[in-house]
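Chains, contacts and geometry: an overview
Residue strings, one per chain:
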Amino acid sequence: MNRFLPTLPDSSERLASLDIDPDKPLIICDADEVLIEFAKPLEAFLADHALTIDFRSFALVGNIRRVADRSVVEAEEVSALIDDFLGHVVDRPSAVPDCVDAIDHLRQQARVLVLTNIPHHLRQRREQALASIGLDLPVFSNSGEKGPMVAEIVRSHQAPVVFLDDMPSHHSSVAKHAQHVHRIHFVADNRLARLIAPADDCHIRTDLWTECVTHIKTHFLGNQS
């Protein structure tokens, strides 16, 4: 969903330290509503603050309201709320259905990285929290569009690369900056998935990890030299 988070990207030095094999397939995966739940814990957090969210569009601003009078929470307050929410929930992630098994299966064939728009100071906590639920993956924090960071990650990569994200804007950004990357639009929460059509710049839309694994494996197989 749309968020407004002042973050800093990870450095090139961190990327270099991972020693990513350029000849091994690579999966670059978003976290919220791809690997872990976002909407459900956000609802619980808002309820504790006498707020609620209407899933009427794929956005936060305009949909968060005060329970007392149903007034809309304005953008600046939404931004602060989401920052507070992330700090509150980052250590207690819940994996989306079938995600852990799917990633375990895919890691037999590919390297998997997480690229998430989360405040930079929470990156290490998110990495540790994901590992605690069976998703022991390198995490990169990012700000704004993801295309430039994806382009940096795959700059010297020779093997096929797959990108998964729930936000259409990130698919457009990756299409602009790293056109050869295969883009999968994925939205785990059924309520959010119903609110948004497949991203214009994705190659495929699927909201189930069981389907996603099959598609990725087929894509990798079809790109073998």
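One can find the structure itself at the top, above this paragraph.
Residues numbered from 1 in each chain as written. Predicted model: local features only at pLDDT ≥ 70, side-chain atom pairs only at ≥ 80, totals over all residues. Heavy atoms only, no water.

1. Brief notes about the pairing of strand β4 (residues 111-116)
For β4, a buried count of 5 out of 6 residues is recorded, marking the element as mostly surrounded by other parts of the structure. Pairing analysis gives 4 bridges linking strand β1 (residues 26-29) to β4, with the strands arranged parallel. Residue pairing for β4: C29 is matched across the bridge by V114. Regarding the hand of the β-α-β motif, the stretch spanning β4, helix α5 (residues 123-132) and strand β5 (residues 139-141) is right-handed. (Buried < 20%, exposed > 50% of the residue type's maximum accessible area, 1.4 Å probe, protein only. Helix = DSSP H or I, 4+ residues; strand = E, 2+ residues; numbered from the N terminus. Pairing = 2+ DSSP bridges. Right-handed = clockwise from strand over helix to strand, strands pointing away.)

2. Quick notes on the nonpolar core
Proteins that are soluble and globular tend to have nonpolar side chains buried together. Ranked by internal contacts, the top residues of the largest apolar core, which has 28 residues, are I27, L35, I103, L164, W209 and I216. Elements represented by at least two residues in this core include exactly β1, α4 (99-106), β4, β6 (161-165) and α9 (209-222). The biggest single contributor to this core is α9, with 5 residues. When neighbours within four sequence positions are excluded, L164 is seen to be in contact with I27, I28, C29, D30, V34, I184, F186, W209, C212 and I216. (Core = buried A, V, L, I, M, F, W, Y, C linked by side-chain atoms within 4.5 Å. Contact = heavy atoms within 4.5 Å.)

3. Looking at the pattern of salt bridges
Under the definition given, this model contains 13 salt bridges. Of the charged contacts, one joins E37 and K40 as a salt bridge, the two residues approaching to 3.7 Å between their closest N and O atoms. Classification of K40 by relative accessible area gives partly exposed; the value is 47%. D54 is the partner of R70 in a salt bridge, and the nearest nitrogen-oxygen pair spans 2.8 Å. Pair noted here: R70 is in the loop between β3 (64-66) and α3 (75-89) and D54 is in the loop between β2 (51-53) and β3, with a separation of 16 residues, a long-range link. Accessibility expressed as a relative area gives 36% for R70, which makes it partly exposed. Three or more residues joined by partner-sharing salt bridges are found here, namely D30, K146 and D165. (Salt bridge = Lys/Arg side-chain N within 4 Å of Asp/Glu carboxyl O.)

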